[in-house]
Amino acid sequence: MSNSISQAYTELVELRYQLYNSLFMTLTLDAVQQTSIWLPLLQEACESGLDHQHNPKDIINRLFDRNLPELNERERIDFLYKVIQYVERQVVLVDALEDSAYNEIHRVRGPASWSQMIEKVRNDDDRRKLEESLKELTLRVVLTAHPTQFYPGTVLAIITDLATAIEGNRTAEIRDLLDQLGRTPFFRKKKPTPYDEAMLLMNYLERVFYSSVGNLLDEIATTYPDYSLASKRSLIQIGFWPGGDRDGNPNVTVDITRRVAAQLKTSILRCYHNDLKLLCRRLSFAGVYEPLVHLRDRVEQELLSPNSNEPEWLDELYEQLGKVEQRISRHHHGLFLNKLRSFRRKVQAFGFHFAILDLRQDSRVLRRTLDAILATHPGLLPDDFNSLDEQAKLELLLTIRGEVDPTKIEDTVLRDTAESMCVIRDIQRTNGEAGAHRYIISNCRGPLDVANLIALFRLCGWQDKELTVDIVPLFETIDDLRDASESMRTLYALDTYQAHLRNRNTEQTVMLGFSDGTKDGGYLMANWGIYRAKEEITSVSREMGVTVHFFDGRGGPPARGGGNSHLFYSALGKSVENRHVQLTLQGQTISSHYGIVAAAKHNLELVLTGALKSRLLDSEKANLNESQRQLIDEMARISYEAYHEFKQHPLFIPYLLERSTLRYYGMTNIASRPSKRGGDEEEFRFEDLRAIPFVGAWSQLKQNVPGFYGLGTALNHMKERGELNRVIELYENSTLFKTFIANSMQSMSKTNFSITRHMEKDEKFGAFWRLIHDEFMLTKEMVLQVSRQAELLEDNPRSRQSIALRENIVLPLLTIQQYALLRIKEESERSDKISDDPMKAEASSKLIALYEKMVVRSLFGNINATRNAV
């Protein structure tokens, strides 16, 4: 099958790319006409120059001197801008080609598919186990507004239409869309608002997820027809962070939260209205048509007059659909019954909320909010509260009573945080409890942070009401992951917290952060630390009679928890609770993996079957023995030590600030939130740096340090001790460890050290660059030995082909980026020397600004080409 998929990629993507790129070159667009002739020369100059270890500045200057000597520096800059714009559009063409051929270039009916899983379930006992697992399992994918989506909505729409036209082989339409693409700007002149971001993702909900979730539920129902409609809980749920995530975006307000919740309800009602109109066209039978028209009209009434119906009407809608279903079965021979059942499954999945709106805030902000309330309302806690031990503080916070007015808090962020407690209750009144029912504590350090949040709820509108909100601690750093199980044990042991859990079906959700974990502890330690935390929290929860659910904060690249989701979730053994599988989908990952219905269904299916596999198959490969556990533990420790030493290097921060694009992420205008935590964007503190620009900066350098650093040192250590065979055996017999290696290989496959090789001779950073390069070469050598592969991703030729095509396209862009960074450095040094000449200093400052803009623009094409760079 790998060979056939590889051949399909060659025919449907690579060859078509050559064809349509040639068509693109014929368009009468200034940027196309002025660059299409010279781009092949630039491509060749970059490949040859980098192969000969030439400096990117020399490569670009030599090209101009030989071919366009008449251009001055400003004209050269303009030309390079046009090259960047052209390359951006070449990347879009590849995206559209891959989308158009999705089913042919992916193993949609491969071993990880639902259909193949059913094939493996051959006897009645296995079928019963699978059905029981389906009844217990819930998959929730959560769409976030993290700033990793570098395509504006207009371009995303073109990709969709272009993919459809290519699939239909409509050449004239393809030409027009390429023309439109050439005239459509990629760069946003101003940042989007949090509401803008929410609206963009709601487009995915309506256009993609509504159908893909429905299609997958329909396919499952063909095997288990009675399962889904008999259950009150949907197998697949969608979560939503835009408009609720305050830690991710301090610009979110309660007004935005309310507007987003209202729009989510409007969006799902719009989908229902469309489906009901279609059902009325087909189910025109006596005794069936009339109730469907009534339901259609009630949905329309709600769209015209929001909240004219109570949330309880959802139960009536579902019940009425059930009655219609019975009439069709009894009186109309089941004609078009499948269409009605499909719609009913969607109603069950999406309710009146469409997606579950999560609220999130940093523990430090929650603590400051409580302090602000206590300062203006003395007597709520004893005067000696701060001198009490943790146990006494927890009891007081969990039993606090009182009523405060959040609007009296002067600080706008703290006031909004307090008011966000009340807005959840308001959303539950209109969208149902499923509309918003959990609050996530970022940077959770322990039980007191959980108790602080419950105290805030009690003081801000929930004093005498049942708290219909799940409190979700998010553990992120290596230390917090290590202590997480004891934090949960402390909470579980409190009668007051147990009382809260009993109101929540004795279930506790715990979120674990891959992004900040990797930034803090390196690739292997973060992944292993999260797995160990899951095991330990599972053990404590089972011991205390609590069902724990894990929510994985996963980003796009393996360095932020991305990679092969099916492999990851199938690797969870019996020691990790996995009745509910929850994971975040972020910006670019949404468009690249869930941007079309076929891709979304396939990727949802992969996560679902991975989770089912770990529950059904009592495989030794999914369960670690003590020897395997000790081996991974030792390698994680060695890897962590290597990464920690690297992170403490005196040039670690200066290298990122002076040689990478780290400073430029905040200038991209792709998101409404700042690029770092804390109010001062100029002051740099590593702990405030968000994981996205951190990982993204390494990706732009084509070094991808967070995805491998320390792993090679750990593997080589075992080899030098004569224990490499133990590691190879571990790789062959542990799905978990194989996942660690495979995802790291994916990161390494997107590196290209030739682009930054000129740094090897840099007086300041040469030794530091070699330190990174040496670890990469060591890691590559070791993972190939362990996996017994001849090249990275040898077992995934389609991914290799896609990466090779995309990396080749953006090579000129990356060379231009390095050229611009070098020119900024030169001009900055020159500017310091001519500061006493105002005219020269001003000219130099303008030149620096132009090159900085060039760096920012170059970010887009590279990130879009990589698809999961950040």
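Colleague: What exactly am I supposed to notice about the nonpolar core here?
Modeller: With 263 residues, the main nonpolar core has Phe 240 and Phe 737 as its most contacted residues. When residues of this core are assigned to their parent elements, the largest contribution, 14 residues, is made by helix H5 (residues 73-100). In this view, Phe 240 contacts Val 142, Leu 143, Ala 198, Leu 201, Met 202, Leu 205, Val 260, Leu 264, Ala 355, Ile 356, Leu 357 and Asp 358; residues no more than four positions away in its chain are not counted. By size, the runner-up hydrophobic cluster in this structure holds seven residues, among which are Val 142, Trp 241, Ile 440 and Phe 551.

Colleague: Sorry if this is basic, but what is going on with unusual backbone geometry here?
Modeller: The phi torsion of most residues other than glycine is negative, and most of the peptide bonds are trans. Here Arg 788, not a glycine, exhibits a phi torsion of approximately 55 degrees, which is positive. With relative accessibility at 58%, the residue Arg 788 sits in the exposed group. Despite not being glycine, Leu 793 has its phi angle at roughly 60 degrees, a positive value. The buried category is assigned to Leu 793, whose relative accessible area is 9%.

Colleague: Please clarify how the sheet that holds strand S9 (residues 580-586) should be interpreted in this entry.
Modeller: Pairing between the strands of a sheet is mediated by backbone hydrogen bonds and can be parallel or antiparallel. Strand order in this open sheet of nine strands is S3-S2-S1-S9-S8-S7-S6-S5-S4, and the pairing throughout is parallel. Unpaired on one side and paired on the other, strand S3 (356-357) and strand S4 (359-362) mark the two borders of the sheet. As judged from the two bridges shared by strand S6 (residues 470-475) and strand S7 (residues 507-513), these two strands associate in the parallel manner. Across the sheet, Leu 474 pairs through a bridge with Met 511, a residue of S7.

Colleague: Sorry, what's going on with the packing of helix H31 (residues 711-720) against helix H34 (residues 766-787) here?
Modeller: For the pair H31 and H34, interaxial distance at closest approach is 8 Å and the crossing angle is 55 degrees. Relative to H34, H31 is oriented oblique. The hand of the H31/H34 crossing is left-handed. Taken together, the residues of H34 that come into contact with H31 (itself represented by Leu 711, Gly 712, Thr 713, Leu 715, Asn 716 and Lys 719) are Glu 775, Leu 778, Thr 779, Glu 781, Met 782, Val 783, Gln 785 and Val 786. Its residues assigned to classes, the contact of H31 with H34 shows six nonpolar, five polar and three charged.

Colleague: Can you walk me through the pairing of S4 in this structure?
Modeller: For a regular strand, side chains alternate in direction, first toward one face of the sheet and then toward the other. Of the two faces of S4, the one carrying Leu 359 and Gln 361 and the one carrying Arg 360 and Asp 362 are both buried. Where S4 and strand S5 (residues 438-442) come together, four bridges link them in parallel fashion. If you follow Gln 361 over to S5, its bridge partner there is Ile 441.

Conventions adopted
Residues numbered from 1 in each chain as written. Predicted model: local features only at pLDDT ≥ 70, side-chain atom pairs only at ≥ 80, totals over all residues. Heavy atoms only, no water. Core = buried A, V, L, I, M, F, W, Y, C linked by side-chain atoms within 4.5 Å. Buried < 20%, exposed > 50% of the residue type's maximum accessible area, 1.4 Å probe, protein only. Helix = DSSP H or I, 4+ residues; strand = E, 2+ residues; numbered from the N terminus. Contact = heavy atoms within 4.5 Å. Pairing = 2+ DSSP bridges. Axes fitted to C-alpha atoms, helices over the stretch in contact; angles between N-to-C directions. Parallel < 35°, antiparallel > 145°, perpendicular 65-115°, else oblique. Left-handed = near helix turned anticlockwise from the far one by under 90°. Nonpolar A, V, L, I, M, F, W, Y, C, P; charged D, E, K, R; others polar.

This is a description of form; function is not addressed.
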